[in-house]
Amino acid sequence: VRDLRIDLLRGVAIVFVLVNHLQLTSLLQGATQEAVGMVSGAEFFVLLSGLVLAMVYRPKIAREGIVPAGRLILRRAGKIYLAALVIVITLGLLALIPGLNVTPATTFTDEGTGAAGTAATGRVYDLYAGFDRLLQYPVDASVFADILLLRMGPWQVNILGFYVVMLVVSPLILWALARRLWPLVLAVSWVVYSIQFFTRIRVLPSQFEDSFPLLTWQVLFVTGMVAGFHRHRVVEWFGTRLGRALIAVCAVTALLLALWSWNNPYLSSSLDLRLDLVPEASFGAVYSAAFERTYLDPGRILNVLVLLVTAYGLLTVLWRPIDRAVGWFFTPLGQTTLYVFIVQLILVLIVANIPVLSLGDVWINTAANIVILALVWIMVRKRVLFGVIPR
């Protein structure tokens, strides 16, 4: 049985991701870029993906055992990997067409939040370096390795490689959870996170390791899996007196972190409203020490967890009015996040080839964001290419 509250939250997360990937200076960009705390849609996307995976496959494991469930998971991992390969190759071929602007997807401008640190701010990376070797004769075999290992590809969807790896290892995690070894699962996950936090070990050559280091981001996915596998017990515990007290603490913490985030001196547009209660230097120092994104500083993980508990609690108490107000829009998107995630790349390319959207007009770009979100919603409702694009 689906939990529509989680579907709605996933819908909100994927909208945040889509708006930020379009890179249009707009009101929506300001509202979705660390405006509800020191978090982005990506953290929620990963955490909720692990949660939903465990929710879906726990009943299958109970009915059929871990082996049949594991086969289904590995089959899905294969589909996502194939989709990633198709995207990489298709976009690479499109980049060879004269006059077609695909640079927003084939290059990446460092904002100083990646593995290279703040010193790399402004640096432009060619994400398809060497792809044209496919057209040479004889073909350089190393280009096939780059493609198969997902060393190249559009940055907007590079997290697909991360999901493939996590799906491959998830049957083992589910096996352990089915044997009530959840404390061991959490302990191992957090130890691995701590190791990479201090050592910055890079496990795979894949591009996603630059933005979503595997040993770091797995902690959100695995923590989500543990919570999803024991969802009924977790929800029941939060209904106790101690659980309700913790929800209150989470709500206050989430509110304080949101207020803190509104002091971020970064402005996405001239209409972006920010508080000026914290000196820029002080904000930057705290952010660098506790809220950096790539290696998921502890403050950022705390923020995403307390915000999730708060949002889920709020949806539980006020489900009917919230569902009537926004559920019709967010819930369908949350039920088809992989589809939306893949479709967004097409929209990014369309936006890149509309000259008026490169002028930086906030109102025009805001209107464009709204039109694009409406288009995605219609595509989901009409099930456009559902037989081709994974969901």
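Below is a short write-up of the structure. (Residues numbered from 1 in each chain as written. Predicted model: local features only at pLDDT ≥ 70, side-chain atom pairs only at ≥ 80, totals over all residues. Heavy atoms only, no water.)

Re the overall build of the protein
The cut-off we apply is this: By definition, any uninterrupted DSSP run of H or I lasting at least four residues is a helix, any uninterrupted run of E lasting at least two residues is a strand, and each is numbered from the N terminus. C-alpha atoms define the radius of gyration in this analysis, and the globule rule sets the expected value at 2.2 Å times the number of residues to the power 0.38. The classification of residues rests on relative accessible area computed with a 1.4 Å probe and restricted to protein chains. Under 20% of the type maximum is buried, over 50% is exposed, and intermediate values are partly exposed. The contact definition used throughout considers only heavy atoms, calling two residues in contact when any of these lie within 4.5 Å. Values of accessible area rely on a 1.4 Å probe in the Shrake-Rupley scheme; residue burial ignores everything except the protein chains shown.
For the protein, the count of helices and strands is 17 helices and two strands. Scaling as 2.2 N^0.38, a compact globule of 391 residues should have a C-alpha radius of gyration of about 21 Å, and the protein matches this with 21 Å. Each principal axis of the C-alpha distribution contributes one length, and for the protein these read about 65 × 55 × 45 Å. Among the 391 residues that make up the protein, the fraction classed as buried is 49%. Excluding contacts between residues fewer than 6 apart, the proportion of contacts in the protein whose partners are at least 24 apart in sequence is 75%. Just so you have it, the protein exposes about 19000 Å², and 69% of that area is on carbon and sulfur atoms.

With respect to the packing of aromatic side chains
As a reminder, the rule being used: Each Phe, Tyr or Trp ring, with Trp reduced to its six-membered ring, pairs with another whose centre is within 6.5 Å; inter-plane angles below 30 degrees give stacked pairs, above 60 give edge-to-face pairs, and intermediate values give tilted ones. For a lysine, the NZ atom is tested; for an arginine, the CZ atom; a charge sits over a ring if that atom is within 6 Å of the ring centre and within 35 degrees of the ring normal.
Per the counting criterion, the structure on display carries 19 aromatic pairs. Centroid distance Phe45 to Tyr163: 5.8 Å. Interplanar angle 85°. Geometry classified as edge-to-face. Linking Phe45 in helix H3 (residues 41–64) with Tyr163 in helix H7 (residues 159–178), this pair joins segments that are 118 residues apart in sequence. For the pair shown, Phe45 and Tyr163 are each scored as buried. Taking 4.7 Å as the distance between ring centres and 65° as the angle between the ring planes, the aromatic pair formed by Tyr339 and Phe386 counts as edge-to-face. Note that Tyr339 is positioned in helix H16 (residues 337–352) and Phe386 in the segment after helix H17 (362–381), a separation of 47 residues in sequence. Grouping residues by exposure puts Tyr339 and Phe386 together as buried. Cluster of aromatic residues (ring-pair linked, three or more members): Phe45, Phe162, Tyr163, Phe208, Phe221 and Phe341. Lying across the ring of Phe197, Arg200 places its NZ or CZ 5.5 Å from the centre. Taking NZ or CZ as reference, Arg200 lies 3.9 Å from the ring centre of Tyr295, over its face.

Considerations on the nonpolar core
Worth spelling out the cut-off: Residues belong to one nonpolar core when they are buried, are Ala, Val, Leu, Ile, Met, Phe, Trp, Tyr or Cys, and are joined through side-chain atoms within 4.5 Å.
Counting residues in each nonpolar core, the largest one holds 110 residues, and the members touching the most others are Phe162 and Leu174. Per-element tally for this core: the top contributor is H3, with 13 residues. Filtering out sequence-adjacent residues up to four positions away, Phe162 remains in contact with Val46, Phe208, Phe212, Leu214, Trp217, Gln218 and Phe221.

Looking at helix H12 (residues 241–261)
Since the α-helix advances by 3.6 residues per turn, residues separated by three or four positions end up pointing in the same direction. The test is simple: In this scheme, a helix's expected span is set at 1.5 Å multiplied by one less than its residue total. Here, the arc refers to the directions that run from the helix axis to the C-beta atoms.
In this model, H12 (21 residues) spans 30 Å end to end at C-alpha, consistent with the 30 Å of a helix rising 1.5 Å per residue. Of the residues making up H12, those classed as buried are Gly243, Cys250, Ala254, Leu257, Ala258 and Ser261. Buried residues along H12 cover an arc of 100° about the axis, so they all sit on one side. Projecting away from the buried face of H12 at angles above 90 degrees are the exposed residues Arg241, Arg244, Leu255 and Leu256.

Considerations on the pattern of salt bridges
Between side chains of opposite charge, pairing is possible as soon as their charged atoms come close. The test is simple: Between Lys or Arg on one side and Asp or Glu on the other, a salt bridge is scored when a side-chain nitrogen of the former is within 4 Å of a carboxyl oxygen of the latter.
Inspection of the entire model under this criterion finds nine salt bridges. With a shortest N-O distance of 3.0 Å, Asp3 and Arg5 are connected by a salt bridge. Of the residues examined, Asp3 reaches a relative accessible area of 6% and is grouped as buried. Note that Arg300 is salt-bridged to Glu43, the shortest N-O span being 2.6 Å. Highlighted residues: Arg300 in helix H14 (residues 298–317) and Glu43 in helix H3, separated in sequence by 257 residues. Of the residues examined, Glu43 reaches a relative accessible area of 0% and is grouped as buried. Linked through salt bridges whose partners overlap, the residues forming this network are Arg133, Asp140, Asp146 and Arg151.

Some points on a positive patch on the surface
Rules: Patches in this entry comprise residues that are over 30% relatively accessible and not in a salt bridge; like charges within 9 Å are linked, as are nonpolar side chains (Val, Leu, Ile, Met, Phe, Trp, Tyr) within 5 Å. When charges are tallied, Lys and Arg are placed among the positive residues and Asp and Glu among the negative ones, while His and the ends of the chain are skipped. All charge positions are set by atom: Lys at NZ, Arg at CZ, Asp at CG, Glu at CD.
On the surface, a cluster of positive charge is made up of Arg71, Arg75, Arg76, Lys79, Arg383 and Arg391. One can find Arg76 in helix H4 (residues 66–94).

Some remarks on unusual backbone geometry
Here the amide bond leading from Tyr137 into Pro138 is cis, since omega sits at 0°, within 30 degrees of zero. As for its position among the elements, Pro138 is in the loop between strand S2 (124–126) and helix H6 (142–148). A positive phi angle is found at Leu150, which is not glycine, with a value near 55°. Structurally, Leu150 can be placed in the loop between H6 and H7.

Overview of the packing of H3 against H4
Applicable threshold: Where helices are involved, their axes are fitted lines through C-alpha atoms of the stretch in contact, as for all axes, and angles between N-to-C directions lie from 0 to 180°. By the convention adopted, Pro, Cys, Tyr, Trp, Phe, Met, Ile, Leu, Val and Ala count as nonpolar, Lys, Arg, Asp and Glu as charged, and the other residues, Gly among them, as polar.
Viewed as axis vectors pointing N to C, H3 and H4 meet at an angle of 140°, and their least axial separation amounts to 7 Å. For the pair formed by H3 and H4, the contact residues are Leu53, Tyr57, Lys60, Ile61 and Glu64 on the first element and Ile66, Pro68, Ala69, Leu72 and Ile73 on the second. Broken down by class, the residue content of the contact of H3 with H4 amounts to eight nonpolar, no polar and two charged.

Points about a nonpolar patch on the surface
Nonpolar side chains collect at one region of the surface, where Val252, Leu255, Leu256, Leu259, Trp262, Leu275 and Leu277 lie side by side and expose about 670 Å² of accessible area between them. By secondary structure assignment, the location of Leu256 is in helix H12. Note on Leu256: relative accessible area 54%, which makes it exposed.

Quick look at the side chain of Glu34
Our working rule: Whenever two N or O atoms come within 3.5 Å, that pair is a polar contact, provided that in protein one can donate a hydrogen and the other can accept it, and provided that, for residues adjacent in sequence, both atoms are side-chain atoms.
Along the polypeptide, Glu34 turns up in the loop between helix H2 (27–32) and H3. Among the polar contacts listed, one links the side chain of Glu34 to the side chain of Arg300, at a separation of 2.6 Å. Residues contacting Glu34, with those up to four places away along its chain left out, are Val39, Ser261, Asn264, Arg274, Tyr287 and Arg300.

Quick look at H7
Our working definition: A residue's bend is the angle separating two fitted axes: one through the seven residues that end there, the other through the seven that start there.
Given a rise of 1.5 Å per residue, 20 residues ought to cover 28 Å, and the 27 Å separating the end C-alpha atoms of H7 matches this to within 8%. Of all the bends in H7, the greatest, near 40°, is centred on Ser170, and the proline Pro171 appears no more than four residues after it. With 14 of 20 residues buried, H7 is to be regarded as a mostly interior element. Looking one or two residues past H7, Arg180 carries a phi angle of roughly 60°, positive in sign.

Nothing here speaks to function; it is geometry throughout.
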